[in-house]
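# Observations on the model geometry
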Amino acid sequence: RRVAWNMATVVRGVSRALSAAPRPVALRALATAAPTVDDVTVKINFIDEEGSRLTVPGRVGMTLHEVAEMHQIDIGAQICGAPMYKLHSERWTEDLFGEGPQLGHDHVMISKEWMEKLPPRFPQEVALLSTIWDADEITEASRLACMIVLEKEIDGMTVYLPDRVPDDAP
């Protein structure tokens, strides 16, 4: 005996076949949830030389300098060209031949527990800090804000802002 084919039977058969077939990678990627705002946001605590504290949000991938400017925190002037390096692992740092930072005004100090979560500072960072700041103002915790890229691992980081060097002279 033959089964009479109707449209409902055909649709059920096709839908079963499609659901059983593996999805292409592109479709699987669309099926995953997009990141939430919480996934790409970190909180940064800025403390100035007077002890005033301000906690502000920043987006993963921004630099500390960009976050400070976005929230109108006086962090000093900076001209930052393309990245000089990309740190792939402890043993491999790729030269990208960018200009990197050009000024040392955006000096910040990071506490030891957070320094361990950041990539090491490069010799150019220390050289630029030395051109603007006195030797007694530069410590192991001294960094240029434009060289610190926000990652989820540094959510809640505390950043100390030393007394600023005047950089707005005419």
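Residues numbered from 1 in each chain as written. Predicted model: local features only at pLDDT ≥ 70, side-chain atom pairs only at ≥ 80, totals over all residues. Heavy atoms only, no water.

## Describing unusual backbone geometry
Glycine aside, the phi torsion of most residues is negative, and most peptide linkages are trans. Even without being glycine, Gln72 reaches a positive phi, approximately 55 degrees. Among the structural elements, Gln72 can be located in the loop between helix H3 (64-70) and strand S3 (85-87). (Helix = DSSP H or I, 4+ residues; strand = E, 2+ residues; numbered from the N terminus.)

## Some points on the side chain of Thr41
When you line up the elements, Thr41 lands in strand S1 (residues 41-47). For Thr41, the side chain forms a polar contact with the main-chain oxygen of Val37, separated by 2.6 Å. Ignoring sequence-local partners within four residues, the contact set of Thr41 consists of Pro57, Gly58, Val60 and Lys152. (Polar contact = N/O pair within 3.5 Å; in protein donor to acceptor, adjacent residues only side chain to side chain. Contact = heavy atoms within 4.5 Å.)

## Some details on the sheet that holds strand S7 (residues 157-160)
Within the open sheet, the five strands sit side by side as S2-S1-S7-S5-S6. Their pairing is mixed. For this open sheet the edge positions go to strand S2 (53-59) and strand S6 (142-144), each flanked by a neighbour on one side alone. Averaged over all neighbouring strand pairs, the angle between strand axes comes to 40 degrees, with direction disregarded. Here S1 runs beside S2; their pairing, made up of seven bridges, is antiparallel. Bridge pairing in S2 links Asn45 to Thr55. This element, helix H5 (residues 123-132), spans strand S5 (107-110) and S6 of the sheet and lies at about 100 degrees to S6. (Pairing = 2+ DSSP bridges. Axes fitted to C-alpha atoms, helices over the stretch in contact; angles between N-to-C directions.)

## Considering the nonpolar core
The biggest cluster of nonpolar side chains holds 21 residues, and the ones touching the most others in it are Phe46, Leu64, Val108, Ile110, Met157 and Val159. The contacts of Ile110, once residues within four sequence positions are left out, are Leu64, Met115, Leu118, Ala141, Arg143, Ile148, Met157, Thr158 and Val159. Counting residues in each nonpolar core, the second largest holds nine residues, with Met84, Phe122, Leu128 and Trp133 among its members. (Core = buried A, V, L, I, M, F, W, Y, C linked by side-chain atoms within 4.5 Å. Buried < 20%, exposed > 50% of the residue type's maximum accessible area, 1.4 Å probe, protein only.)

## Considerations on the side chain of Arg143
Note that Arg143 resides in strand S6. By relative accessible area, Arg143 is classed as buried at 2%. A distance of 2.9 Å separates the side chain of Arg143 from the backbone oxygen of Pro119, its partner in a polar contact. The contacts of Arg143, once residues within four sequence positions are left out, are Asp106, His107, Val108, Ile110, Met115, Leu118, Pro119, Pro120, Arg121, Glu125, Leu129 and Ile148.

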